[in-house]
Amino acid sequence: MTLIATQSLTKTYGGRVTALTDLTVAVEPGIIGLVGANGAGKSTLIKILLGLIAPTSGQVSVLDIDPTAEPAAVRARVGYMPEHDCLPPDLSAAELVTHLGRMSGLPRTAARERASEALRHVGLYEERYRPVGGYSTGMKQRVKLAQALVHDPDLLLLDEPTNGLDPAGRDAMLALVHRIGTEFGISVLVCSHLLGEVERICDTLIAIDGGRLLRADHISAMTTATDVLAVEVSEGTEELAARLAALDLPVARDGRLLLVPLADDSTYDLILGAVAELDLPLHRLDQRRHRVSELFATRELTHA
Amino acid sequence: MPELSSAAVRPTPTGVIHDIGYQRYEGPRLGRRHVFGALYLHGLRTIFGFGRSAKAKIFPWLVVGIVTLVAVALAALRSQLGEPVATYAQFADAMSWLVLFFVAVAAPELVSRDLRSGVLPLYFSRPLPRADYALAKLLALVTGLWLLLGGPQLVMFLGAAFTTKDGLKGVWNELLDLLPGLLYAGLWAVVFASVGLLIASLTGKRAFAAGGVVAVFLMTTPIVGVLSILPSHTANELAGLASPTTLVQGVGIWSLGDLLVEGDPGEMMIGGFGPVYALVAVLLVAGAAALLLARYRKVAS
């Protein structure tokens, strides 16, 4: 099953402001990170996926349903956590989540039970009977997550779930999202402008910039292919490069550094062997794990 | 006894919480009608302060108390005097000011709060269509107002029915008087609710919304006053159209006649323009409802 698929999706507001341009992407169930700077079109994409706004052109399907044709069918199976503050301060979390559960079509008792379950899963216990107005930002984010979970969706759309949280709160929220995606069997689309944050928890990454798709792929495909070893010797860089090339290692020069793609552990042995044979003073040998952000940065450069 | 001995061997601890992990929901998911009904009932409860703080119950129940007290007093007076002090429709007219203030509090409670807290995206990301949200709130307010006026009318009816001297026939006659009264109360409810909710839906600030509702109903009254003292007879007779309150009374005079104004036509003259009043009332309600729906097509998208 394809979780989300878009085909040449374009959205322009009022014919002038372009939010999404020719976006074609297909992702499998799992935890999907949707990254992009503010204004890249993340929220627009989420709203199109929910059937809240119609795309200007192109096709879209969520859980194999077209949200432009059957928005209610999509929304029944999707949970949405908006970015902004959306909780009435004078209701308790239990009341609010129960009510919203009923709005998703749960019968009265089921809504109450599922509400307390959802609140328990996000880590709210006794405090759920207190008015939301007195909650901390972290607790409010948890309530927002619980209301998206209450009707047991197949897909969660989380718009900046770590917004406004301190580092510890961010880690807790990300761990929670990861748990939902792996243990609960619910697919999650996490939207964030912080790449470093989502790449820790997601299987698939969609990067958009200025409404255009930069890249969409499995996170493993993005990182392993680019793990490189950086070798630096005080002298004899040329000789070492020639020697490594003779060993069938694709060497690249980066200033005083030699970059060798890391195939497996034997790559280390080959390099160390070559350095020892040439008797060169090895300055450093370390693994450069490319952050995903660097991938996009270089890609940007090649485009320019 | 085997159970006892096994319990003694393996004492099961009480009050242990087991983390059974996340459970998928396999139960029924109700359709649009049920969700609409749930939202409608929630709105109706909100109007009377149920499920909310004690403070939120004070004003609605104060108004309910006053109108009920008036109805009881009227019923008591009637049983003493043997003839009605006020008809059901006249009661509704007399209570219209209280209903106005009730609307000014209830309508913002229903819609302004949701606008203010930004909770609407949570509703609209669920299967419920936007129009259903607005209509459920409107229907809840109409029902609330109708109960507010109809309930006391029922008290008056019961008072009259139990003290009637004409037996079953007396009860039947009383019922025939009550029914138009309830319909008239319904007209008040529909007009007040549609206009009041539309105004309240324009702002997230409850105080502004309440002020706006009162202003629209009260500020139009002087216009009626000015129009009704113009030299033109036609202008006088159409003056009531300028304010929702007098509009409702005009429709009442036209449709109920002496159930509302006995013998003496009173201060309000509508001449032969009764159908015009009815038409304008229908247009007002339809227009307000249409604008309300249009408002919710746009808001929070």
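Residues numbered from 1 in each chain as written. Chains lettered and ligands numbered in written order. Predicted model: local features only at pLDDT ≥ 70, side-chain atom pairs only at ≥ 80, totals over all residues.

1. Quick look at the interface of chain B and chain A
Then, number 1: Facing 29 residues of chain B, the contacting portion of chain A comprises 31 residues.
Then, number 2: Within the residue set of the side of chain B that touches chain A, elements represented by two or more residues are helix H2 (32-47), helix H5 (96-117) and helix H6 (120-124) of chain B.
Then, number 3: Here the element with the most residues in the side of chain B that touches chain A is H2(B); it accounts for five residues. (Contact = placed C-beta atoms within 7 Å. Helix = DSSP H or I, 4+ residues; strand = E, 2+ residues; numbered from the N terminus.)

2. Looking at the packing of helix H8 (residues 167-200) of chain B against helix H12 (residues 274-298) of chain B
For any two helices packed against each other, one specifies the crossing angle of their axes together with the interaxial distance.
All names here are of chain B.
Then, number 1: Closest axis-to-axis distance for the H8/H12 pair is 9 Å, and the angle between their directions is 35°. Seen along the crossing, H8 lies across H12 with a hand that is left-handed. Across the interface between the two elements, Val190, Val191, Ser194, Val195, Leu197 and Leu198 of H8 pack against Ala281, Leu284, Val285, Ala288, Ala289, Leu291 and Leu292 of H12.
Then, number 2: Looking at the contact of H8 with H12 residue by residue, the classes come out as twelve nonpolar, one polar and no charged. (Axes fitted to C-alpha atoms, helices over the stretch in contact; angles between N-to-C directions. Left-handed = near helix turned anticlockwise from the far one by under 90°. Nonpolar A, V, L, I, M, F, W, Y, C, P; charged D, E, K, R; others polar.)

3. So, the UniProt feature "transmembrane region" (unreviewed entry) in chain B
All names here are of chain B.
Then, number 1: Cross-referencing UniProt, the feature "transmembrane region" (unreviewed entry) maps to residues 58-76, 88-107, 138-162, 182-200, 207-230 and 276-294 in the present numbering.
Then, number 2: A distance of 26 Å separates the end C-alpha atoms of residues 182-200, which is 100% helix and 0% strand.
Then, number 3: Taken end to end, residues 276-294 has its terminal C-alpha atoms 26 Å apart, with 100% of it in helix and 0% in strand. (UniProt positions renumbered as here; feature names shortened; annotations may be inferred.)

4. As for the environment of B:Leu284
Residue and element names in this part refer to chain B.
Then, number 1: Checked against the element boundaries, Leu284 lands in helix H12.
Then, number 2: On the neighbour-count criterion, Leu284 (18 C-beta atoms within 10 Å) is partly exposed.
Then, number 3: Put simply, Leu284 and Pro244 are 40 residues apart on the chain and 8.5 Å apart in space, counted from C-alpha to C-alpha. (Buried ≥ 20, exposed ≤ 12 C-beta atoms within 10 Å, placed from the backbone.)

5. Describing the pairing of strand S12 (residues 257-261) of chain A
On a regular strand, one side chain projects to one face of the sheet and the next to the other, so that they alternate.
Residue and element names in this part refer to chain A.
Then, number 1: Residues Leu258 and Val260 of S12 are buried on one face, while the alternating residues Leu257, Leu259 and Pro261, pointing to the opposite face, are not.
Then, number 2: For strand S10 (residues 228-233) and S12, the ladder comprises four bridges, and the chain directions are antiparallel. Residue pairing in the sheet places Val228 in a bridge with Pro261 of S12.
Then, number 3: What sits between the antiparallel neighbours strand S11 (residues 252-254) and S12 is a turn of two residues, in which Gly255 has the positive phi angle 65°. (Pairing = 2+ DSSP bridges.)

6. Concerning the nonpolar core
Then, number 1: Counting 149 residues, the largest nonpolar core has A:Val97, B:Val103, B:Ala107, B:Leu141, B:Leu145 and B:Trp188 as the members making the most contacts within it.
Then, number 2: Top element by residues in this core is H8(B). It accounts for 15 residues.
Then, number 3: The contact partners of B:Trp188, leaving out residues within four places of it in the chain, are B:Ala92, B:Ser96, B:Val99, B:Leu145, B:Leu149 and B:Val248.
Then, number 4: By size, the runner-up hydrophobic cluster in this structure holds ten residues, among which are A:Val228, A:Val231, A:Leu258 and A:Ile271. (Core = buried A, V, L, I, M, F, W, Y, C linked by C-beta atoms within 7 Å.)

7. Digging into the confidence of the model for chain B
In low-pLDDT regions, the fine details of the predicted coordinates are not to be read closely.
All names here are of chain B.
Then, number 1: Here chain B shows a mean pLDDT of 85. Residues at 70 or above account for 89%.
Then, number 2: Highest mean pLDDT in chain B belongs to H2 (94); lowest belongs to helix H1 (residues 2-9) (46).
Then, number 3: pLDDT under 50 marks residues 1-8. Its contacts with residues more than four places away, or in other chains, come to zero contacts.
Then, number 4: Across the predicted assembly, pTM comes out at 0.82 and ipTM at 0.84. (pLDDT = per-residue confidence, 0-100.)

8. Quick notes on the environment of A:Asp22
All names here are of chain A.
Then, number 1: Here Asp22 is to be found in strand S2 (residues 17-27).
Then, number 2: By the C-beta count within 10 Å, which is 14 here, Asp22 ends up partly exposed.
Then, number 3: A C-alpha to C-alpha distance of 5.1 Å links Asp22 and Thr10, two positions twelve residues apart in sequence.
Then, number 4: Apart from the residues within four sequence positions on either side, Asp22 is in contact with Ser8 and Thr10.

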